[in-house]
Amino acid sequence: MEVTLLGTGDTTGTPTVGCDCDTCTAARENGVERSRFSVHVRNERTDESLLVDVSPDFRRQFLDNDVALPDAALVTHIHFDHLDGLGNAFRLFSDLPVHAANETDPKTGESVADTVRGKYDYLDALSVHGQRPLETFEACGFDVTFVPVSHPPLVCYGVVIEGDGAKLAITGDTNYGIPDESRARLADADLLLADAIAPASFCEHHPLGGDHHDADGTPRTFGTKHMTREGALSLADELGATETRLVHVSHFFPADEAFAEPLAVDGEHYAL
Ligand SMILES: [Zn+2]
Ligand SMILES: [Zn+2]
Ligand SMILES: [Zn+2]
């Protein structure tokens, strides 16, 4: 399994358009980027590629990285930064299966699969396959499972991808309140990609502060939707992955922490 981190940033990305904070300035000066979230997973055995989330930065990501266009895609939830690149399928694909969860979101009255189907109904190349959370299905020769996470107010899913003895676990966009059954599925991966949008110290700037505080009072959730760096590291400790990279990273990290380990940047490559 070959894993390429195409997009490691949050919704605004780093550098953020129009932002001259120290972190965005350092990113520009060093030619480092965190575009909107997407992960490319190649199956060496079948020579197929699976794309996890379809970033609005799809075009630039595939120009910048030496990876094949995907044979199938997954969509974890319907936020812009994970879904809205799907329009790039126009004229690039004659057939692209897209897998997404099929359980109804009480907030929208439809499943992620329904929303993707409705929104991209004009693209004949797409076929949307609804998948039941926690039930494993096959894509690109991999065993793939959507696991429910916690990203209010929308439903959202982490992803477990297994094949040939390798295991990749992706938390998806989530706060620290991931259900136990999903934690069990995400455990013991060779590589864990965990949402860590901001340092815990930045919660004081969020209108809702933080949540899921640890014994020392450190918030493991930033606002309501994402994990703090400290929350992601605490989760990583519990899940026991061989290697952990923090993703969905915002420009709210101070410049001297924003590019420190284990925060990922675009273009990282892992062979599992
Ligand atoms: Zn900035
Ligand atoms: Zn989201
Ligand atoms: Zn997101």
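The present account deals with the structure reproduced in this document. (Residues numbered from 1 in each chain as written. Chains lettered and ligands numbered in written order. Predicted model: local features only at pLDDT ≥ 70, side-chain atom pairs only at ≥ 80, totals over all residues. Heavy atoms only, no water.)

## Remarks on the coordination of the zinc ion (ligand 2)
- Note on the zinc ion (ligand 2): its protein donors are His77 (NE2), His79 (ND1), His151 (NE2) and Asp173 (OD). The metal-donor distances range over 2.2 to 2.4 Å.
- Of note is the zinc ion (ligand 2), whose four donor atoms meet at the metal with angles of 91 to 167 degrees in an arrangement that counts as irregular.
- The motif formed by the donor residues of the zinc ion (ligand 2), counted along the single chain, is H-x1-H-x71-H-x21-D.
- In this structure, the zinc ion (ligand 2) lies 3.5 Å from the zinc ion (ligand 3), and both are coordinated by Asp173. Note that His77 is positioned in the loop between strand 4 (72-75) and helix 3 (80-83) and His151 in the loop between strand 8 (142-148) and strand 9 (157-163), a separation of 74 residues in sequence. For the pair His77 and His151, a shared accessibility class is recorded, and that class is buried. (Donors = N, O, S within 2.8 Å, 3.2 Å for Na, K, Ca; no water. Tetrahedral: all angles 85-135°; square planar, octahedral: opposite > 155°, others 65-115°. Helix = DSSP H or I, 4+ residues; strand = E, 2+ residues; numbered from the N terminus. Buried < 20%, exposed > 50% of the residue type's maximum accessible area, 1.4 Å probe, protein only.)

## Here we look at the pairing of strand 11 (residues 191-195)
- Of all five residues in strand 11, five are buried, a share of seventy percent or more.
- Alternating residues of strand 11 divide into Leu191, Leu193 and Asp195 and Leu192 and Ala194, and every residue in both groups is buried.
- In this structure, strand 10 (residues 166-170) lies alongside strand 11, joined through three bridges in parallel fashion. When the bridges of strand 11 are listed, Ile170 appears paired with Leu193.
- Where the polypeptide runs from strand 10 across helix 5 (residues 180-186) and back to strand 11, its parallel neighbour, the crossover connection is right-handed.
- Both strand 11 and strand 15 (residues 243-247) contribute to a ladder of five bridges, which runs parallel. Note on strand 15: the bridge partner recorded for Asp195 is Val247. (Pairing = 2+ DSSP bridges. Right-handed = clockwise from strand over helix to strand, strands pointing away.)

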